[in-house]
Amino acid sequence: MRHTGQDGHLGTTPPVPGRPTTFLFGLCALLFALITWQVIADGPLRDADERLGPWITGSRLPDGAAEFLADLGGVAVAVPFLAAAIAYTSWRGHRAGTFRWWPAPVAAAVAMAAVPALVIPLKELIGRTGPPGMDGTGYYPSGHTATALVAYGGAALLLLPHLRGTYARRELIIACALLNFAVGLGLVRRGYHWPLDVVASWCLFGMVLQGVALVVARYGRPPTPCETDPAQPK
């Protein structure tokens, strides 16, 4: 029988809580604070960002492909994807008799609800102007980036414990990372956001997803045969 790690220590069933999670949370918090300070203070990082943005906008990625990638971060696409993952893993967990199968799906749903709860006030408070051609203020942080990260990242976290083999889990994580990078690239390429708008959302909601990961690690693991069959040795 395999055991998950205790809180604050490494375990065997992914996703794994512990010191790496603490480090990543701190790194995301530090980067988000630094980027936000530079955007508000009109610092050198913001100047570099506003030089990089037009260079990416002028890249060779076709407009249609960039628009498609940007649309993957929209509520109409990303939220139903997460809802399907929540429904599927809830059904799998309940059917398998997983102990407290519901906290992990609830955590993913709460993370998605946190997107507008955090993004909208920050947009109003910071009031960053958009790239050339975009009117008004309220572009920092990127809502589409946040929606994509929580939807696809949350779905990946819910599905990880149900996959067999390290290869399948690794490929799912890689696919999730590439998908979120593609969404951010599409948003910047189409001139909807500055690059730092995207990076800031990755940092902010990377912290939120780490909370989901801890819940999934604790409650999202399907029961092992010895847990479901009393006759099996423990």
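Preceding this section is the structure that the text describes.
Residues numbered from 1 in each chain as written. Predicted model: local features only at pLDDT ≥ 70, side-chain atom pairs only at ≥ 80, totals over all residues. Heavy atoms only, no water.

Chemist: Just checking my understanding: could you explain unusual backbone geometry for this structure?
Modeler: Across residues other than glycine, the phi torsion is negative in most instances, and most of the peptide bonds are trans. Of note, the amide linkage connecting Y140 to P141 takes the cis form, showing an omega dihedral of -5°. With respect to the helices, strands and loops of the structure, P141 is situated in the loop between helix 5 (103–126) and helix 6 (143–159). A positive phi angle, near 55°, is found at D42, a position not held by glycine. Here D42 lies in the loop between helix 1 (19–41) and helix 2 (44–57). (Helix = DSSP H or I, 4+ residues; strand = E, 2+ residues; numbered from the N terminus.)

Chemist: Looking at this structure, how should I read the environment of A156?
Modeler: Tracing the sequence through the fold places A156 in helix 6. According to the relative accessible area criterion, A156 is buried, its value standing at 8%. Look past the residues within four positions of A156 in its chain and what remains in contact with it is L172 and C176. (Buried < 20%, exposed > 50% of the residue type's maximum accessible area, 1.4 Å probe, protein only. Contact = heavy atoms within 4.5 Å.)

Chemist: So what exactly am I meant to see when it comes to the packing of helix 3 (residues 63–71) against helix 7 (residues 166–189) here?
Modeler: Between two packed helices, what matters for the description is the angle formed by their axes and the separation of those axes. Helix 7 packs onto helix 3 with a crossing angle of 125° between their chain directions and a minimal axis gap of 7 Å. Comparing the axis directions of helix 3 and helix 7 gives the class oblique. For the crossing formed where helix 3 meets helix 7, the hand is left-handed. Between helix 3, through D63, A66, L69 and A70, and helix 7, the contact on the second element is made entirely by A182, V183, G186, L187 and R189. Each residue belonging to the contact of helix 3 with helix 7 can be placed in one class, and the counts come to six nonpolar, one polar and two charged. (Axes fitted to C-alpha atoms, helices over the stretch in contact; angles between N-to-C directions. Parallel < 35°, antiparallel > 145°, perpendicular 65-115°, else oblique. Left-handed = near helix turned anticlockwise from the far one by under 90°. Nonpolar A, V, L, I, M, F, W, Y, C, P; charged D, E, K, R; others polar.)

Chemist: I'm lost on helix 8 (residues 195–219) in this one. Help?
Modeler: Note on helix geometry: an α-helix contains 3.6 residues per turn, so any two residues three or four positions apart are oriented the same way. The end-to-end C-alpha separation of helix 8 is 36 Å, in line with the 36 Å expected for 25 residues at 1.5 Å each. A bend of about 25° at G206 is the largest found in helix 8. Counting buried positions over the 25 residues of helix 8 gives 18, a clear majority of the element. (Expected span 1.5 Å × (residues − 1). Bend = angle between axes of the 7 residues up to and from the residue.)

Chemist: Looking at this structure, I do not really get a nonpolar patch on the surface. What am I missing?
Modeler: Together, F23, L24, L27, L31, L34, W37 and L45 make up a nonpolar patch on the protein surface, roughly 650 Å² of accessible area in all. In terms of residue count, the dominant contributor to the nonpolar patch is helix 1 (six residues). Its place among the elements puts L24 in helix 1. (Patch = residues over 30% accessible without salt bridge, like charges linked within 9 Å, V, L, I, M, F, W, Y side chains within 5 Å. Areas by Shrake-Rupley, 256 points an atom, 1.4 Å probe, with all protein chains shown as cover. Salt bridge = Lys/Arg side-chain N within 4 Å of Asp/Glu carboxyl O.)

Take it as geometry only, folks, not as evidence of what the structure does.
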